[in-house]
Structure formats: structure tokens, C-alpha cells
Amino acid sequence: KFIHDDQSLGYFENFEFSAGQAKRILTHLRNIGIEYAEVPNGMIKGVNPTIRELVQMEDRPKLLCHIRNNVDDAKIARELGIDGINILTFVDPERIKQLGYVSFSDYLNVLQQVIQLAQEYNLQTRVSVEHAWNGFFDQALNVFEFANNLGVDRIGLPDTLGIANRFDVEDRVSQARKRAPRPDIEVHFHNDGSIAVANAIEALIYGANHVDTTFGGIGERTGITPLSGLLTQLYLLDPDIVRNLHLELLTSTETEVLEMIGLSIPYNLDTAKNAFTHKAGIHSYGIRTHSRGLELYQPFGAEVV
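Residues numbered from 1 in each chain as written. Predicted model: local features only at pLDDT ≥ 70, side-chain atom pairs only at ≥ 80, totals over all residues. Heavy atoms only, no water.

Draft legend 1. Structural context of the overall build of the chain. When helices and strands are tallied, the chain shows 12 helices and 10 strands. For the chain, the residues scored as buried account for 51% of the 305 residues in total. Sequence-distant contacts, at least 24 apart, represent 70% of the contacts inside the chain between residues at least 6 apart. On the chain, roughly 14,300 Å² of surface is accessible, and the fraction owed to carbon and sulfur atoms is 48%. (Helix = DSSP H or I, 4+ residues; strand = E, 2+ residues; numbered from the N terminus. Buried < 20%, exposed > 50% of the residue type's maximum accessible area, 1.4 Å probe, protein only. Contact = heavy atoms within 4.5 Å. Areas by Shrake-Rupley, 256 points an atom, 1.4 Å probe, with all protein chains shown as cover.)

Put into C-alpha cells, the structure is as follows:
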């Protein structure tokens, strides 16, 4: 499944989507067939009214509120009528201390309260660990096991620094699955090094169930996994994987969403204007003259997206 990250429903650098634009994004996601969309924390005053409007939409993806490990955040999410919460946790001892906790055990006690409160409210619940990919993975595994024992729906492995590669994706997703066998696994990759899509595919192969994506791959720094890039790669692996999704809507949708914030689709995505144009003479001649020209020089036709 694909979870639309809150960058496209909240903020992108200095840009803030209006409630109307956010509704358009949710409508596009629904039309494509995306099941979940993430919205920012309802505790943010400027975002709270927008979330209230989005929740009232009759036909939309399920909305997941990105919150802190905080009981009040969970209560606000429930009051907003949200479908689930994505709890971001920390395991860095310095961060835990900055948050005012005496010990990590105290922090976990609060996490247990938040999870149990969400379950009482019938909210879907994910627990992710910031910096799970770099120096704190062993501690992150302890959190995943803790969350597993409390019956959460998903655990999340975000590559906060954008340093993941295919070799440690296999290792860390596999380890997380062993320590937390019950919940689904969600992954969040940043595109430093331009390998977010490759990492996401690798994670799915080794047991992940959900991938955070955005239109055009917008997000912090170099962005995160682009929805179109991931879906087209899955299509190339096996069209049946994405048979329930409407890939043919991707180009028009990404174009519209990125135009909202004054950006163009990156040239290296399959939804870009240049995606099905050719420069090399051999390519151009072959397409014009060979009976299978398009098959020889394109992975799929423009009609797919």
C-alpha cells in the first residue's frame, strides 16, 4: 500500500496548501486508488481547520495524523475524527533528555499510554523511530518489539538522513520483521543519492507493506520516494502488482499538484514532458521505421501514465 506523506497536505518549504488544494490532492489520490494519506499534527493551529474540512469529505483516502509521542496529540486526533495516528518516537538519549524525560523507560510508558488510548478510540496506529537507519537501530528494534507486543497496526522505518542502500535495506527490514512479526512495516526513504525508489522496491521485496510517497517526490532536502516513480517501477516488475491503481492519471495529477507550488515535474520521472521523447538518432529512426520501435527504446508506452 502507498501512504501519501504529509508534505503534500501541509507545508513545502514556504508554501502552504489551501484547504481547497488539499481536497483536490485527496480527490486525485482516491481516483488513482491510494488508500491512505498522512496529514500534519492537529495540534498545529494553522493546520487544524484544514484537517477538519478534509475529514468531512465523503469519498477520500483514510487520513492518518502524524503526531508526537504525546497523549494530548492523540486526543486531538481523535477529536478531529481522523482514521489513524502515526506516532513519531525518538531513541537518541540526548533527544529524550531534551524532551524532559528522566529515563527511556518513562518515555516508553508514555508511548504505551498513547497506543492504548488510540486503540480505545479505534484509531489505526503506527509507531516509527526517527534515525532508525543510522546510529540507533538496535534501540529502534527494542521500540518495534515493544510496539509489537502492544498490538500496533504498523511500525515505521524512516531513513531520516537519506543514507540507506539496498544492502542494509534488506538487513534492517528483515531484522524489524523478526523482532516485530505482527504489525505491517512502513518505510520512508529520502532521495539523497537518487535511490529512494530502488530502496522502496527492495524494502517491499524483503517484507515491507507500506511506502511513504509524494507527488513528484517533494519533501525535505532532495525529497522522498515519488509516487509515479515507484508505481512505474512496480508496473515494470509485474503489471498485476498495480492492477487496482490508475497509473494513467499520474501525469495529469503530478502536473497539477506541482504547478500549485510553482514547480515542474523533475525531468527524470516518467510523468515529465520529456519522458517519451528521444534525442539519439538511432532511437528516433528506430521508433519511426521499426515495426517494434517503441518496444526497442521505451520500457512502456506513454499511455501507461
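Read on, since the account is not over.
Draft legend 2. Summary view of the pattern of salt bridges. Applying the stated criterion across every chain, the model contains 13 salt bridges. Among the salt bridges present, the one from Glu79 reaches Arg52, with a minimum N-O distance of 2.8 Å. Taken together, the positions of Glu79 in helix α3 (residues 71-80) and Arg52 in helix α2 (residues 48-55) put the pair 27 residues apart, joining distant regions of the chain. Between Asp73 and Arg68 there is a salt bridge, and its shortest N-O distance comes to 2.8 Å. Given the relative accessible area of 1%, Asp73 is considered buried. On the basis of relative accessibility, which here comes to 45%, the residue Arg68 falls in the partly exposed class. One network of salt bridges, with partners in common, ties together Glu38, Arg126, Arg154 and Glu186. (Salt bridge = Lys/Arg side-chain N within 4 Å of Asp/Glu carboxyl O.)

Draft legend 3. Up close: the environment of Gly217. By the secondary structure assignment, Gly217 is in the loop between β10 (210-213) and α9 (227-237). Looking at Gly217, the relative accessible area reads 8%, which means it is buried. Not counting the four nearest positions on each side in its chain, Gly217 is found in contact with Thr222, Gly223, Ile224, Thr225 and Pro226.

Draft legend 4. Local environment of α3. Listed in full, the buried residues belonging to α3 are Asp73, Ala74, Ala77 and Leu80. One side of α3 carries all its buried residues, which in axial view fall inside an arc of 125 degrees. The elements touched by buried residues of α3 are α2, β5 (62-68), β6 (84-89) and α5 (104-120). Capping the start of α3 is the job of one residue whose side-chain oxygen sits 2.8 Å from the backbone nitrogen of Asp72: Asn70. (Arc of directions from axis to C-beta. Polar contact = N/O pair within 3.5 Å; in protein donor to acceptor, adjacent residues only side chain to side chain.)

Draft legend 5. Spotlight on helix α1 (residues 19-32). Counted at 1.5 Å a residue, the expected span for α1 with its 14 residues is 20 Å, and the 20 Å between its end C-alpha atoms agrees. The set of residues buried in α1 consists of Ala19, Ala22, Ile25, Leu26, Thr27, His28, Leu29 and Ile32. (Expected span 1.5 Å × (residues − 1).)

Draft legend 6. Representation of the packing of aromatic side chains within the structure. A full pass over the atoms with the stated rule returns three aromatic pairs. Between the aromatic rings of Trp133 and Phe189, the centroid separation amounts to 5.5 Å while the plane-to-plane angle is 75 degrees, which identifies the pairing as edge-to-face. Linking Trp133 in the loop between β7 (124-129) and α6 (137-149) with Phe189 in strand β9 (residues 184-189), this pair joins segments that are 56 residues apart in sequence. Assessed through its relative accessible area of 2%, Trp133 is described here as buried. Taken together, the ring pairs connect Tyr101, Phe104 and Tyr107 into an aromatic cluster. Its end group placed over the ring of Phe137, Arg172 keeps NZ or CZ at 4.9 Å from the ring centre. (Phe/Tyr/Trp six-rings, centres within 6.5 Å; stacked < 30°, edge-to-face > 60°. Lys NZ or Arg CZ within 6 Å of the ring centre and 35° of its normal.)

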